[in-house]
Amino acid sequence: MLVEALVQRRGASALRSLTLCRNGIGERTTGALATALRAGSLPKLEELNLWRCMLGDDSGAVLAEALPQCRAALALRKLRINHNWLGERTAAGLASALHAGVLPKLEHTFLGLDDDKNCFSKNDKELIMDGWKSARERHPEAVLRNVLRPLLS
């Protein structure tokens, strides 16, 4: 409801950081957030923190699949989605967004790939890593200071 209210009141257009960590936000909220991202309602959003939100793979996929379709993703610098139950669909959506080059300003990520803080399989992790490598090739000027940096070197 909070995300829906923000978007409906048009207050979200100036929002730079959205932290909903440690809340069981569920599919309704992630769906509203994905809709807001796709609609360009969060054009200045630089940080999205959904750490420990009890997100399942369906919710994570809805958000990840919205990224390539939205203008707001271009401003995103920090993405924190670790400590959730994300898996194959979320990994595929994130990899797609990274391959598409729609996250050129992304510097910090906390995805839980370097440990077991999400439910990503080895294949999921490799898919996302390939996306990071592609993003790095597209945007060599990007710092990409993320928890995976040692793996990208």
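Residues numbered from 1 in each chain as written. Predicted model: local features only at pLDDT ≥ 70, side-chain atom pairs only at ≥ 80, totals over all residues. Heavy atoms only, no water.

A. Inspection of the overall build of the chain at higher detail. Scanning the chain for helices and strands turns up 6 helices and 4 strands. Sequence-ordered secondary structure for the chain, helices as α and strands as β, is α-β-α-β-α-β-α-β-α-α. Sorting the 153 residues of the chain into buried and exposed places 47% on the buried side. Residue pairs at least 24 apart in sequence account for 83% of intrachain contacts in the chain once pairs closer than 6 positions are excluded. Working note: accessible area of the chain is about 7800 Å², and carbon and sulfur atoms make up 50% of it. (Helix = DSSP H or I, 4+ residues; strand = E, 2+ residues; numbered from the N terminus. Buried < 20%, exposed > 50% of the residue type's maximum accessible area, 1.4 Å probe, protein only. Contact = heavy atoms within 4.5 Å. Areas by Shrake-Rupley, 256 points an atom, 1.4 Å probe, with all protein chains shown as cover.)

B. Examining the side chain of N49 more closely. Of note, N49 is situated in strand β2 (residues 47-49). By relative accessible area, N49 is classed as buried at 9%. A distance of 3.1 Å separates the side chain of N49 from the backbone nitrogen of W51, its partner in a polar contact. For N49, the residues in contact, after removing those within four places along its chain, are L18, T19, L20, C21 and R80. (Polar contact = N/O pair within 3.5 Å; in protein donor to acceptor, adjacent residues only side chain to side chain.)

C. Local environment of the environment of T29. By the element assignment, T29 lies in helix α2 (residues 26-38). C-alpha separation for the pair T29 and S59, spaced 30 residues apart in sequence, amounts to 8.9 Å.

D. Unusual backbone geometry, seen in detail. The phi dihedral of R52 falls on the positive side, at around 55°, and the residue is not glycine. Relative to the elements of secondary structure, R52 occurs in the loop between β2 and α3 (57-66). Taking relative accessible area as the criterion, R52 reaches 35% and is therefore assigned partly exposed. The residue H83 is not glycine, and still its phi comes out positive at about 60°. In this structure, H83 sits in the loop between β3 (78-80) and α4 (88-100).

E. Here's a closer look at the packing of aromatic side chains. This structure, assessed with the given rule, holds 0 aromatic pairs. The cationic tip of R80 hangs over the ring face of F110; the distance from NZ or CZ to the ring centre is 5.0 Å. (Phe/Tyr/Trp six-rings, centres within 6.5 Å; stacked < 30°, edge-to-face > 60°. Lys NZ or Arg CZ within 6 Å of the ring centre and 35° of its normal.)

F. Structural detail: the confidence of the model for the chain. For the chain, per-residue confidence averages 80 on the pLDDT scale, and 78% of positions sit at 70 or higher. The weakest mean pLDDT in the chain belongs to helix α6 (residues 149-152) at 45; the strongest belongs to β2 at 93. (pLDDT = per-residue confidence, 0-100.)

G. α4, seen in detail. With 13 residues, α4 ought to run about 18 Å at 1.5 Å a step, and its terminal C-alpha atoms sit 18 Å apart, in line with that. Every buried residue of α4 is accounted for by T90, A91, G93, L94, A95, A97 and L98. In this structure, the buried side of α4 is in contact with α3, β3 and α5 (122-138). (Expected span 1.5 Å × (residues − 1).)

H. Inspection of the pattern of salt bridges at higher detail. Counted by the stated rule, this structure contains 3 salt bridges. Residue D58 pairs with R89 through a salt bridge whose shortest N-O separation is 2.8 Å. Of this pair, D58 sits in helix α3 while R89 sits in helix α4, and the two are 31 residues apart along the sequence. Residue classification places R89 among the partly exposed positions, given a relative accessible area of 36%. (Salt bridge = Lys/Arg side-chain N within 4 Å of Asp/Glu carboxyl O.)

I. Structural context of the packing of α3 against α4. Orientation of α3 relative to α4, taken along the N-to-C sense of each, is 10°, at an axis distance of 7 Å. Between α3 and α4, the crossing angle belongs to the class labelled roughly parallel. Touching D57, D58, G60, A61, A64 and E65 of α3 are E88, R89, T90, G93 and L94, all from α4. Residue composition of the contact of α3 with α4, by class: 3 nonpolar, 3 polar and 5 charged. (Axes fitted to C-alpha atoms, helices over the stretch in contact; angles between N-to-C directions. Parallel < 35°, antiparallel > 145°, perpendicular 65-115°, else oblique. Nonpolar A, V, L, I, M, F, W, Y, C, P; charged D, E, K, R; others polar.)

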